[in-house]
Every structure is written in structure tokens, then in C-alpha cells.
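Coordinate inspection notes
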Amino acid sequence: MKNYTPTTLFWAVFAQIPLAQAEAEFRTKILADGFDLLPDHIEPGRLTRFPGIGKKRGNTAGWCKLFLDGRGGVYGDFSAGFSRTFKLGSGRVHIDEATRREIEEARKQRQAEIEARHAKKAIEAQAAWDRAKPYAVHPYLARKGIKAHGLRSGDWCKWIETPNGWRRIVIKNALLVPMHDETGKLWNLQAIFPEVVPELGRNKEFLGGRKAGLFFVICDPTDTLLIAEGYATGAT
């Protein structure tokens, strides 16, 4: 039997709703909306956090709250900006003001955590960019037949999780693409490696900071603005 609190059991008995049934159906509805990393147990009456849709473990964009009486609940994804309701049986779901405040406080807390992480990564990006050197010749540029347009190269450090624990790897000669906002502030870097890195299984990676609203300008601005998704496309 799952470890339900006395308060939860009281409400479930009062409402004559089997908690196991309510939690199982609540979980099924959440999974149907694309969440796939739910916790083993959803405690009724508590706001539970878990990875958002398509996110990895450690992310907390997903959230849910199964009401104490087991008759309804609410869930959503802060990163996707949506919320849904759950109802066991017929009728409408009523979300009380306390729950609304709890959800809003959780959203604000997560936003503050994101902004703090972005600020930290912006400092790391600037430091890495300052250490890097201008580079005109790079295997990636040669393969694509494009120019550097002010890009730089440097070492790219990465911590990876292995069966024996965490290990730090250093990828030499990474081509760095700066990502600025409209004021010119550097927020992030994209690293393009000379070849696929076996430990990562890819040849490109972002520093891990902010991405939305950022860009890299190739050549001097003119009256015509062309937008490309990736550096190679824009430089071709």
C-alpha cells in the first residue's frame, strides 16, 4: 500500500473515492498528454514537480496536484505554458484560490531559477569567448565550404555521466558561435566540433544557457534581412 497521509485518507474515506483509483487515472491522463517521467507516487493535496514534456530527468517544468478528495486535479507544463484539469466522474473541476496561488508561486520560483541559471551561463559564455582565438580555418568550415565570419575556436569542457561516475572531457579546436540579444549582450555559445564526439554522439552543442531571442549576425547589416536556422545555412 502506498504511504498516504492521515489527512489524505480522511478526505478519501469521506468522499468514498479509492485513492489508488484516483491516482492511477490521474497518472494515465497526464501520461496521455506526453509526460513520460512521472514520479512513482503522486501524493494527493501536494503540488508535485517532474520533468516537462520531452525534458530530461532533473527538469521541473512539469507539475500536478491531485486534490485531497481524489475527485479531481490539475496539471501542466510551465515551459510549454499550458495546464489541464482532471475529473474523476462527471461534473466540473473547481480549483480553489490556495491551489491557484501555490501554482503561481511555483511558476515564479521556476522562472527565477531559470533566470539565475541564464545569468550564470552568460558569464561562462563570455569567459569562454574571451579565451578563444579568431579562427579562419576549421574542418567544419572546410567541409561546408564556408567562411568563419568572426567565429572563434577554443577548448570545450564537458562533464559526462559514465557507469563509473562523472568524467570531464575536453574537446579541442571547437568552433564557437556567439549568441547575442538585440542589445549585443552575449548570453550563450554554440560549439561545433571538428567531428562527432563519441562520448556525446554529436558534433554540436550549446553551453546550456538562454536560447530564445538570440542570434548571430553574419556580415554588416543592410536593408535586406535574411534569417537562417543554422550557421552553415546562413554562411552559405
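1. As for the packing of aromatic side chains
- Counting across every chain of the model gives seven aromatic pairs.
- Centre to centre, the rings of F26 and F86 are 5.0 Å apart; their planes meet at 45°, and the pair counts as tilted. Taken as a pair, F26 in helix α2 (residues 19-32) and F86 in strand β4 (residues 82-87) lie far apart in primary sequence, 60 residues in all.
- Geometrically, the ring pair formed by F35 and F50 is edge-to-face, given 5.5 Å between the ring centres and 85° between the ring planes. One end of the pair, F35, is in the loop between α2 and β1 (48-50); the other, F50, is in strand β1, and 15 residues separate them in sequence.
- Connected via pairs of aromatic rings, a cluster forms that spans F26, F35, F50, Y75, F82 and F86.
- Its end group placed over the ring of W187, K185 keeps NZ or CZ at 4.9 Å from the ring centre.
- When the ring centre of W187 is taken as reference, the NZ or CZ atom of R210 above it lies at 5.0 Å.

2. Looking at the pattern of salt bridges
- Inspection of every chain in the model, using the stated rule, returns nine salt bridges.
- Overlapping salt bridges bring together K120, K121 and E124 as one network.

3. Some details on the pairing of strand β2 (residues 62-66)
- Taken across its five residues, β2 has five buried, putting it largely inside the fold.
- Going residue by residue along β2, you find G62, C64 and L66 tucked away on one face and W63 and K65 tucked away on the opposite face as well.
- The pairing of β1 with β2 spans three bridges and is antiparallel. Bridge pairing in β2 places T48 opposite C64.
- In this structure, β2 lies alongside strand β3 (residues 72-77), joined through five bridges in antiparallel fashion. Note on β3: the bridge partner recorded for W63 is G76.
- Adjacent in sequence and paired antiparallel, β2 and β3 are bridged by five residues, among which G70 carries a positive phi angle near 75°.

4. Here we look at the side chain of R110
- Inspection of the secondary structure puts R110 in helix α3 (residues 97-131).
- Although R110 is buried, it makes no salt bridge; D77 carries the closest opposite charge, 6.0 Å away.
- Residue contacts for R110: discarding those within four places in its chain leaves R49, N59, T60, A61, F78 and S79.

The rules behind the values
Residues numbered from 1 in each chain as written. Predicted model: local features only at pLDDT ≥ 70, side-chain atom pairs only at ≥ 80, totals over all residues. Heavy atoms only, no water. Phe/Tyr/Trp six-rings, centres within 6.5 Å; stacked < 30°, edge-to-face > 60°. Helix = DSSP H or I, 4+ residues; strand = E, 2+ residues; numbered from the N terminus. Lys NZ or Arg CZ within 6 Å of the ring centre and 35° of its normal. Salt bridge = Lys/Arg side-chain N within 4 Å of Asp/Glu carboxyl O. Buried < 20%, exposed > 50% of the residue type's maximum accessible area, 1.4 Å probe, protein only. Pairing = 2+ DSSP bridges. Lys, Arg positive; Asp, Glu negative; His and termini not counted. Contact = heavy atoms within 4.5 Å.

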